[in-house]
Amino acid sequence: MFNIKGIVIASEPMWRHTTFETGGPAELYAVPADVEDLRFLLTTARREERDVFILGGGSNILVADSGIRGLVVNTRLFNEYRMESAGEKNNKTGSGKPTLILGAGLPVSDAAWMSGSSGFGGLDFLFGMPGTVGGALWMNARCYDEEIAEKILWIDAMDRSGRISRITMNKKEWEYKHSPFQTGIGKKLTILRAAFSMYQGEPETLKAGMREKRDNRELKGHYKAPCAGSAFKNNRTFGAPSGVLIEKCGLKGLRIGGASVAPWHANIIINEGSAKAADIRNLLDEVAGKVAESTGFHMEPEVLPVGDW
Ligand SMILES: Cc1cc2nc3c(=O)[nH]c(=O)nc-3n(C[C@H](O)[C@H](O)[C@H](O)COP(=O)(O)OP(=O)(O)OC[C@H]3O[C@@H](n4cnc5c(N)ncnc54)[C@H](O)[C@@H]3O)c2cc1C
């Protein structure tokens, strides 16, 4: 069936691979060792008409209790880290700026720290954020008034027939929490690696800035309980971030089963320890419904439901 150098497991529990720590089994779960493995997995799945889900750090998904039918591919071994010489002129831009090439499966916070602490700024704003480079690109991750789209030079991705293409940055296709991988043919692409435009900075200054951001996340309670970060997107055109709307509706601490709205942050839904994925999904619906009822505003969930709902 799937004869690869990496790992293939049947019925792998997905709660082990998500920051919510919930979710049923993946019918098939694979960790490709390299690009050839990935090509084999994707083309075989296509031939056998199996659905494929590409897993990063599992920090923005809610996997159904019944699990995921088809093949889940974990990208964690695509962990390349390569800094191109700062002195080398980039032929296209002539900017001579340092370029950082990162594998899609590398934890984005590790990439931020490795580059920042060796004197290259650009991705330092992502230090402390869970997830991989691939997941951050897919989500166009953002925080502290910066977003990953601003830093991209190009992205290499593989389609379901195993073809690799290089996508150059087109700013028009990237918006708030939206990337071209979320729609159309982009949905069928697996991100392999990406290049980022960096700048040279003082390592100690960059490290201090990163520690400050991590401390700020700690203060906001990001790491206190299993969660997936912001439960709802922030639509500031409505005049207030989602957390403020939820808090104003008195929903902090609201609980369904083992899931609750974090008492310390209204836009974080947590697994108190025994939550079923259904508890979390029902709580997301309940919170969105109550906010819509009281303000007329329909919040858009940021957490992605995955699998057989
Ligand atoms: C405590 C906490 C704090 C957070 N703070 C922030 C924040 O400040 N800002 C923010 O934007 N988000 C935040 N998040 C959410 C989350 O960390 C990000 O969205 C992150 O970028 C998701 O990456 P991931 O690798 O975990 O993706 P996953 O959750 O594994 O997947 C998310 C989506 O990306 C796709 N994907 C992943 N890798 C690939 C790939 N290689 N090729 C194609 N598709 C791929 C998946 O198929 C899925 O559709 C936070 C989450 C937590 C738990």
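Residues numbered from 1 in each chain as written. Predicted model: local features only at pLDDT ≥ 70, side-chain atom pairs only at ≥ 80, totals over all residues. Heavy atoms only, no water.

## Concerning the side chain of asparagine 271
Working step 1: Its place among the elements puts asparagine 271 in strand S17 (residues 269-271).
Working step 2: A distance of 2.9 Å separates a polar side-chain atom of asparagine 271 from the backbone nitrogen of alanine 275. (Helix = DSSP H or I, 4+ residues; strand = E, 2+ residues; numbered from the N terminus. Polar contact = N/O pair within 3.5 Å; in protein donor to acceptor, adjacent residues only side chain to side chain.)

## Side note on the side chain of serine 59
Working step 1: On the secondary structure map, serine 59 appears in the loop between strand S3 (52-55) and strand S4 (61-63).
Working step 2: For serine 59, a relative accessible area of 18% corresponds to the buried category.
Working step 3: Ignoring any residue separated from it by four or fewer positions in sequence, one finds serine 59 in contact with Thr19, Pro130, Gly131 and Ala228. (Buried < 20%, exposed > 50% of the residue type's maximum accessible area, 1.4 Å probe, protein only. Contact = heavy atoms within 4.5 Å.)

## Details of the pattern of salt bridges
Working step 1: Applying the stated rule across the entire model yields 19 salt bridges.
Working step 2: Among the ionic pairs, arginine 193 bridges to glutamate 80, the shortest N-O distance being 3.0 Å. Of this pair, arginine 193 sits in strand S13 (residues 190-197) while glutamate 80 sits in the loop between strand S5 (68-74) and strand S6 (81-84), placing them 113 residues apart in sequence.
Working step 3: Residue glutamate 80 is classed as partly exposed on the basis of its relative accessible area of 26%.
Working step 4: For lysine 177, the salt bridge identified is with glutamate 302, shortest N-O distance 2.7 Å. Highlighted residues: lysine 177 in the loop between strand S12 (164-168) and S13 and glutamate 302 in the loop between helix H6 (277-295) and strand S18 (304-306), separated in sequence by 125 residues. Each of the two residues, lysine 177 as well as glutamate 302, counts as buried.
Working step 5: Through salt bridges with shared partners, one network takes in Glu80, Arg82, Glu84, Asp156, Arg166 and Arg193. (Salt bridge = Lys/Arg side-chain N within 4 Å of Asp/Glu carboxyl O.)

## Here we look at the confidence of the model for the protein
Detailed conclusions should not be drawn from predicted coordinates in areas where pLDDT is low.
Working step 1: For the protein, per-residue confidence averages 94 on the pLDDT scale, and 96% of positions sit at 70 or higher.
Working step 2: Every residue in residues 90-94 scores below 50 in pLDDT, and together they form 6 contacts with partners more than four places removed in sequence or on other chains. (pLDDT = per-residue confidence, 0-100.)

## Considering the packing of aromatic side chains
Working step 1: Tallied over the full model, the rule gives 2 aromatic pairs.
Working step 2: Ring plane angle 75° and centroid distance 6.3 Å describe the contact between tryptophan 174 and phenylalanine 181, whose orientation is recorded as edge-to-face. When sorted by exposure, tryptophan 174 lands in the same class as phenylalanine 181, which is buried.
Working step 3: In this structure, lysine 213 packs its charged tip against the face of tyrosine 144, placed 5.8 Å from the ring centre.
Working step 4: Directly above the aromatic system of tryptophan 264 lies the positively charged group of lysine 224, at a separation of 4.4 Å from the ring centroid. (Phe/Tyr/Trp six-rings, centres within 6.5 Å; stacked < 30°, edge-to-face > 60°. Lys NZ or Arg CZ within 6 Å of the ring centre and 35° of its normal.)

## With respect to the site of the ligand
Working step 1: Not every one of the 34 residues close to the ligand is listed here, only the nearest: Ile54, Gly57, Ser59, Thr132 and Arg142.
Working step 2: Contacts to the ligand include glycine 56, whose backbone N or O atom sits 2.8 Å from an oxygen atom.
Working step 3: One of the side-chain nitrogen or oxygen atoms of serine 59 is found 2.6 Å away from an oxygen atom of the ligand.
Working step 4: Protein contacts shield 96% of the accessible area of the ligand, which totals 970 Å² for the unbound molecule.
Working step 5: Counting residues per element, the shell around the ligand draws most heavily on helix H3 (residues 133-139), which supplies 5 residues.
Working step 6: For the shell around the ligand, the class distribution of residues is 17 nonpolar, 14 polar and 3 charged.
Working step 7: When we break the shell around the ligand down by domain, the ones giving at least three residues each are domain 1 (7-74) and domain 2 (81-219). (Near = heavy atom within 4 Å. Areas by Shrake-Rupley, 256 points an atom, 1.4 Å probe, with all protein chains shown as cover. Nonpolar A, V, L, I, M, F, W, Y, C, P; charged D, E, K, R; others polar. Domains from an automatic or database assignment.)

## Points about the sheet that holds S3
Working step 1: A sheet is described by the order of its strands in space; here 4 strands give the open sequence S1-S2-S5-S3, paired in mixed fashion. With one partner strand each, in any of the chains shown, strand S1 (7-13) and S3 form the two edges of the open sheet. The sheet shows a mean angle of 30° between the axes of neighbouring strands, direction not considered.
Working step 2: Of the strand pairs in this sheet, S1 and strand S2 (residues 25-31) are connected by 6 bridges, and their pairing is antiparallel. Along S2, the bridge assignment pairs proline 13 with proline 25. (Pairing = 2+ DSSP bridges. Axes fitted to C-alpha atoms, helices over the stretch in contact; angles between N-to-C directions.)

## Examining the nonpolar core
Proteins that are soluble and globular tend to have nonpolar side chains buried together.
Working step 1: Counting 29 residues, the largest nonpolar core has Phe232, Ile246, Ile280 and Val287 as its most contacted members.
Working step 2: For this core, the elements supplying multiple residues, two or more each, are helix H5 (242-248), strand S16 (259-261), S17 and H6.
Working step 3: Among all residues touching isoleucine 280, those that are not within four sequence positions of it are Phe20, Thr22, Leu62, Ala259, Ile269 and Ala275.
Working step 4: In this structure, Ala136, Ile152, Trp174 and Phe196 belong to the second largest nonpolar core, which totals 27 residues. (Core = buried A, V, L, I, M, F, W, Y, C linked by side-chain atoms within 4.5 Å.)

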